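# Understanding the architecture of this molecule
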Amino acid sequence: MAASPPQKINVSLDVNGETRNVAIRPADTLLFILREYLGLTGAKPGCLNGDCGACSVMVDHTVYKSCIMLAVEAVGSKVTTIEGLKDSPIQHAFIENFAFQCGYCTPGFIMNCHALLKNHPQPTYEVIKEWLSSNICRCTCYEEIQEAVMSVIEKRE
Amino acid sequence: MHIIGKGITRKDSLEKVTGHAKYTADFEIKGMLHARTVISPFGHALIKQLDLTEAQRIPGVRAIVTGDHLPLTGEELRDRPPIAVDRVRFNGEVVAIVVADTPYLAMRGVEAIKVQYEQLPVVNSPSEALKPDAPLLHPNMGQYEKIQGVYPEPGTNIATRTKIRKGDRTKGWAESEVVVEEKFAFRTSDHAAMETRCSIAQIHPGGTIEITSSSQAPFMIKKLIGQYFGIQPGTIKVNTPLVGGAYGGKASVQLEILAYLATRAVGGRIVKMMNTREEDMLTSPGHIGLEAQVKLGCTKEGTLKVAELLYLWDGGAYSDKSIDLSRAGAVDCTGPYNIENIWCDSLCMYTNHPYAAPFRGFSHSEVHFAFERTMDVLAKKLNMDPLELRYKNAILPGHTTPTQFRLNASTVGNVPKCIEKLKELMNWQEGQVTNLGQHKVRAKGIACTWKTSTIDPNASSGVILTYNPDGSINLISGVVEIGTGTKTVLAQILAEQLKMDIKDIHVQMHVDTVNTPEHWKTVASRGVYMAGRAVLAAAEDVISQLKSLASFILRAPIEDVEVGYGKVFLRGEPSKSIPIKDIAYGYTFPNGNSIGGQIIGRGHYMMPGITYLDKETGAGKPGPEWEVAAQGVEIELDTREYRYRILRAVTVVDVGKVLNEKTLTGQVKGAMSMGLSFAARETFYFDSLGTILNPQLRTYRPIRFGEHPKYEVAFVETPHVEAPFGARGAGEHGLLGMPAALGNSLSAALSAEVNYLPLIPELLWKIKGGER
């Protein structure tokens, strides 16, 4: 097996409203680039397999698992990570409802909830369940997360 | 009490909801090397050949570490080579470490290493391990180094045996009119913390070894790596930032050893080792399995007379913490009942499975599943209400535990009161089983639990308080913030004691073993008790320093000054006072003369009176107190498909005293969720070669959002006199009775004994004769 150094390409990514130029391997995942090259460690590796949702970020208007998305696929899109979320209602709701303990799944859950509430301002329970069942929280019993989401919806009414 | 009990928000809140909270893997520096491992695909095999040549040729691969010339490791019995030599004993065991410039190149190195295995017969369960002709996993067991209280049986697969001999079992059986005997089994599983383990290691030019690790036991890393490699513990520095879930799994020292070996192989350069999910499940230690036999005898009226128990723990290939786990399972080998005659053998067995770490509850949910299921079988045979049977036999102050420790009103919680409250919350009088028609049945199941903490008798916890010039305080404790919110509660205890605003208490979340006082391990629901006592001592220290300085500035005897509300003041004339900020860094007279200095408080705590257990009878005081709970589950089962929904789960727990109602409720409900997930879904599936078929979160599937039932939690408050404000533990107790209560509800719904985990529809179908 001849080992040649991996070829890198220059791409421009729009992350949290900033243009970031970065040299990447075409095979690099978005999660790897965010964490290792852009210093945005809010999105977490949990399984690198799309199973747990700890790496969830928003790409344009919806939520993606950045561990199974290539960085090159995000070129031309607006990527929002937890670091790009400032003072949002769902962040406050997570604090007030004790919707986290260790905090590791929290950035992914918050991004997922945030995207859910953007896309479905008044979601039914079935819609909430469909969205949030893609993430795993091992510390809470999920009731607190449900209450956090519901409190944001109720405040809107 | 101005702040104790209140559900104030966590001190780590803003960091955690903004993505700024740092966990071990979030630290990355230029030039850092990365290590990956070659792991065994089989449960038991000889390593016939290990060919590194091709991997060594890959540019960017800096070192390959193999297992030759390494010391044996293991917390109680040194049976584990850090990297396998000649033989692998479980699927996931490390065979080599590759250190390279990037994770990608390290993985290329791993793939280029060729290993030839010759498979050996596999020991796939603890009962197989016990058979006289079973393959021996550790033929040299007799030569292993061990610590006090470990009793390996060379020539067998028994790593240790703990005996409980209380009373006289012959007498107990003679007095028994009703007898039941049941068998139970479940395999090993996993903690599945969302943060996979990660360790970063380097060796500084002066020889200091620095390790940053996602751990519940940074001080144990220092101690054990020191012991294993003959290094002075003072030259080892361990950092632990926030930890992304642990549940016991990160109390074992494992990946840190590999990271140390990796940096040693590259001249001390900094190396990061991060587990993939698969490695975290296979290679790093998991959740212990159990096979159990429970035999109970009682009078016709349901008074328990005797318990005879055999626990065979699936400790896996190496004993590490499973020796202690099997001991803890013996200490509380029954439910929380008054039983005069108990005979228990608890055996830590070697198998070709991944080895075990502590798991939230430390053997208690496992033992309770077996014992509390048998209590229901007994109730059925007696034709007695299962809650009534438990109430009648509940352990009380004045009774003795299986280890013959006599309890009082402080050392045991109030079991009858928990049962009474549970009865009400479960609406128990409406009946246990309701037939809804159309193949739907609703059923309730209950369980009672207890637990003490079998931690080292000399485990120490320390706290340092330092003042800032504005009169605020830095609180520094060795407790690791693993998610429990303990450090927020410590701040509440301090605020209460100093009568100050909690906003003026700055909590250091990370642990650094150089400047943080030791807290033995962040385990066993003992953070608030031990570190809380250390906080109280440190607060006393600070108060006495403030008083002595202020007494002469205020020109009053020390006995007449008080501390609180940011001031030191005269008790009889509170308007005469001096702000703490004016003396927190000493006092300066108008002419510039100064005395004192920054006020630094210190406190520490060790639990009094803990003893080792007697080898022959198990007698002793293994822990400080027994916390108790009564729990229930209600399910709805489809009797055709055997699918069920958990409708609600209830816990009534005697917490001694509620310190932070919100974080406490979160701990209890989170533990209940983990217990239900373990009981209903989680297990490793092994094939005949000992290979695990589901080492990822797609196939190993914890409860997800939307699958959660409704949770209800209620508290009883019987103070533990020695603990801060009387508080008992919080982290584990919600979990302990969940598997048993779920098993009891399904057994009631099916009118059949459900004695295996996980409780999946296929199992229920088989129990009802589906395969016939």
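One numbering rule holds for all chains: residues counted from 1, following each sequence as written. All chains are assigned letters beginning at A, and all ligands numbers beginning at 1, according to the order in which they are written. Local features in a predicted model are, by the rule used here, given only for residues with pLDDT of at least 70; side-chain atom pairs are given and counted only at 80 or more, and totals for whole chains, interfaces and linings are based on all residues. To get the side-chain values, take all heavy atoms of the structure and skip hydrogens and water.

Secondary structure counts use DSSP, requiring at least four H or I residues in a row for a helix and at least two E residues in a row for a strand, with both numbered from the N terminus. For chain B, the helix and strand inventory stands at 18 helices and 32 strands. For the radius of gyration, the atom set is restricted to C-alpha positions; the globular benchmark scales as 2.2 Å times the number of residues to the power 0.38. What you see for chain B is a C-alpha radius of gyration of 27 Å, in line with the 28 Å of a compact globule of 772 residues. Each residue gets one of three labels from its accessible area relative to the maximum for its type: buried under 20%, exposed over 50%, partly exposed in between, using a 1.4 Å probe on protein chains only. Here chain B holds 772 residues, and 66% of them are scored as buried. Each charge class in chain B can be summarised by its mean position, and for the 85 positive and 83 negative side chains these summaries are 2 Å apart. Charged residues are defined narrowly, with Lys and Arg counted positive, Asp and Glu counted negative, and His plus the chain ends left uncounted. The atoms used to mark charge sites are NZ of Lys, CZ of Arg, CG of Asp and CD of Glu.

Turning our eyes to something else, we now look at the overall build of chain A. When its secondary structure is counted, chain A shows 5 helices and 5 strands. Taken from the N to the C terminus, the helices and strands of chain A come in the order β-β-α-β-β-β-α-α-α-α. A compact globule built from 157 residues would reach a C-alpha radius of gyration of about 15 Å, and chain A, at 16 Å, matches this within 12%. Taking the principal axes of the C-alpha coordinates as reference, chain A spans close to 55 × 30 × 25 Å. Expressed as a percentage of the 157 residues in chain A, the buried residues total 58%.

You'll often see interface size given as the accessible area lost when the parts meet. Residue and element names in this part refer to chain A. Note that the domain bounds were set by an automatic or database domain assignment. Domain boundaries assigned for chain A yield domain 1 (9-83) and domain 2 (84-156). If you average the C-alpha positions of domain 1 and of domain 2, the two centres end up 21 Å apart. Listed by partner, the interface residues are 19 residues for domain 1 and 17 residues for domain 2. With both chains or domains summed, domain 1 and domain 2 bury close to 1,400 Å², and 61% of this area falls on carbon and sulfur atoms. A 1.4 Å probe defines the accessible area here, and the buried area is the portion of it lost by two parts on being joined, summed over both. Area buried by domain 1 at its contact with domain 2 is led by M58, V63 and I82, which between them contribute 34% of it. One speaks of a salt bridge when a side-chain nitrogen belonging to Lys or Arg is within 4 Å of a carboxyl oxygen belonging to Asp or Glu. Remark: the boundary between domain 1 and domain 2 carries 0 salt bridges. Nitrogen and oxygen atoms within 3.5 Å of one another constitute a polar contact, given that in protein one can donate a hydrogen and the other can accept it, and given that sequence-neighbouring residues count only through two side-chain atoms. Linking domain 1 with domain 2 are 9 residue pairs in polar contact (both at pLDDT 80 or more), by the criterion used here. Between two residues, a contact is recorded if the distance between any of their heavy atoms is within 4.5 Å.

Moving on, we come to helix α9 (residues 322-331) of chain B. Residues and elements named next belong to chain B. Taken across its 10 residues, α9 has 10 buried, putting it largely inside the fold. Taken together, the buried positions of α9 are S322, I323, D324, L325, S326, R327, A328, G329, A330 and V331. On its buried face, α9 sits against β7 (158-166), β15 (304-314), β16 (341-349), β17 (356-357) and α10 (364-382).

This brings us to the domain arrangement of chain B. All names here are of chain B. Partitioning chain B into domains gives domain 1 (16-120 + 191-282), domain 2 (288-455 + 610-767) and domain 3 (458-606). For domain 1 and domain 3, the distance between their C-alpha centroids amounts to 39 Å. Counting from both sides, the interface comprises 20 residues of domain 1 and, opposite them, 19 residues of domain 3. Overall, the association of domain 1 and domain 3 removes approximately 1,500 Å² of surface from exposure, summing both partners, and the carbon and sulfur fraction of that is 61%. Applying the counting criterion to the domain 1 and domain 3 interface returns 5 residue pairs in polar contact (both at pLDDT 80 or more). Of all the secondary structure elements, the ones that give two or more residues to the side of domain 1 that touches domain 3 are α6 (218-229) and β11 (236-240). When residues are sorted by character, Ala, Val, Leu, Ile, Met, Phe, Trp, Tyr, Cys and Pro go into the nonpolar class, Asp, Glu, Lys and Arg into the charged class, and all the rest, Gly among them, into the polar class. Tallied by class, residues from the side of domain 1 that touches domain 3 come to 11 nonpolar, 5 polar and 4 charged.

Residues and elements named next belong to chain B. Counting buried positions along strand β30 (residues 627-638) yields 12 of 12 residues, so the element is predominantly enclosed. Residues E627, A629, Q631, V633, I635 and L637 of β30 are buried on one face, and the alternating residues V628, A630, G632, E634, E636 and D638, pointing to the opposite face, are buried as well. Bridge analysis of β30 against strand β31 (residues 644-654) gives 9 bridges, and the strand direction is antiparallel. Along β31, the bridge assignment pairs E636 with R645. A pair of strands counts as paired when DSSP detects no fewer than two bridges linking them. In sequence, β30 turns back onto β31 through a hairpin of 5 residues, with Y642 there showing a positive phi of about 65°.

Before going further, it helps to spend a moment on the sheet that holds strand β10 (residues 209-213) of chain B. The pairing of strands in a sheet happens through backbone hydrogen bonds and is either parallel or antiparallel. All names here are of chain B. Strand order across the open sheet formed by 8 strands is β3-β5-β1-β12-β9-β10-β11-β23, with mixed pairing between neighbours. Each end of this open sheet is capped by a strand with a single partner; those strands are β3 (61-65) and β23 (511-512). Relative to β23, β11 runs antiparallel, the two sharing 2 bridges. Counted as the bridge partner of N239 is D512 from β23. Axis definition: a line fitted to C-alpha atoms, limited for helices to the stretch in contact. Angles are taken between N-to-C directions and run from 0 to 180 degrees. The sheet strands contacting helix α3 (residues 103-112) are β1 (33-39), β3 and β5 (94-100), and the helix crosses β1 at an angle near 30°.

Glancing now at the nonpolar core. Residues grouped as a nonpolar core are buried Ala, Val, Leu, Ile, Met, Phe, Trp, Tyr and Cys residues, joined through side-chain atoms within 4.5 Å. Membership of the largest hydrophobic core comes to 199 residues, with the highest contact counts inside it found for F94(A), Y311(B) and L742(B). Per element, the largest residue contribution to this core is 13 residues, and it comes from helix α14 (residues 527-553) of chain B. Setting aside residues no more than four positions away along its own chain, F94(A) makes contact with A99(A), F100(A), T106(A), F109(A), I110(A), C113(A), I145(A), A148(A) and V17(B). With 45 residues, the next largest nonpolar core counts M220(B), A251(B), I455(B) and A723(B) among its residues.

Take the interface of chain A and chain B next. Listed by partner, the interface residues are 51 residues for chain A and 60 residues for chain B. When chain A packs against chain B, close to 4,600 Å² is buried across both sides, 58% of that on carbon and sulfur atoms. If you sort the residues of chain A by the area they bury against chain B, F98(A), Q101(A) and R138(A) come out on top, with a joint share of 18%. Between K44(A) and D26(B) there is a salt bridge whose closest N-O contact spans 2.6 Å. The interface formed by chain A and chain B includes 27 residue pairs in polar contact (both at pLDDT 80 or more). Of the residues that constitute the side of chain A that touches chain B, the class distribution is 26 nonpolar, 15 polar and 10 charged.

On to the side chain of R35(A). As for its position among the elements, R35(A) is in helix α1 (residues 30-37). A polar contact is formed between the side chain of R35(A) and the backbone oxygen of A25(B), at a distance of 3.2 Å. At a separation of 2.8 Å, a polar atom in the side chain of R35(A) contacts the side chain of D26(B). Among all residues touching R35(A), those that are not within four sequence positions of it are L40(A), T41(A), A43(A), K44(A), P45(A), A25(B) and D26(B).

All names here are of chain A. Those residues of α1 not exposed but buried are L30, L31, I33, L34 and R35. At its buried positions, α1 is contacted by β1 (9-15), β2 (18-24), β3 (56-59) and β5 (78-80). Just downstream of α1 lies G39, where phi reads positive at about 70°.

Residues and elements named next belong to chain B. Tracing the sequence through the fold places C333 in the loop between α9 and β16. As a C-alpha pair, C333 and I164 span 169 residues in sequence and 8.5 Å in three-dimensional space. Once residues within four sequence positions are removed from consideration, C333 is found in contact with I164, L309, Y311, I342, C344, V367, F371 and P402.

We now examine the sheet that holds strand β19 (residues 440-451) of chain B. Residues and elements named next belong to chain B. The 5 strands are arranged β18-β19-β30-β31-β32 in an open sheet whose pairing can be described as mixed. Each edge of the open sheet is held by one strand with a lone partner, namely β18 (433-437) and β32 (710-716). Here the average twist between neighbouring strands, direction ignored, is 15°. Helix α12 (residues 415-425) contacts β19, β30, β31 and β32 of the sheet and is inclined by roughly 145° relative to β31.

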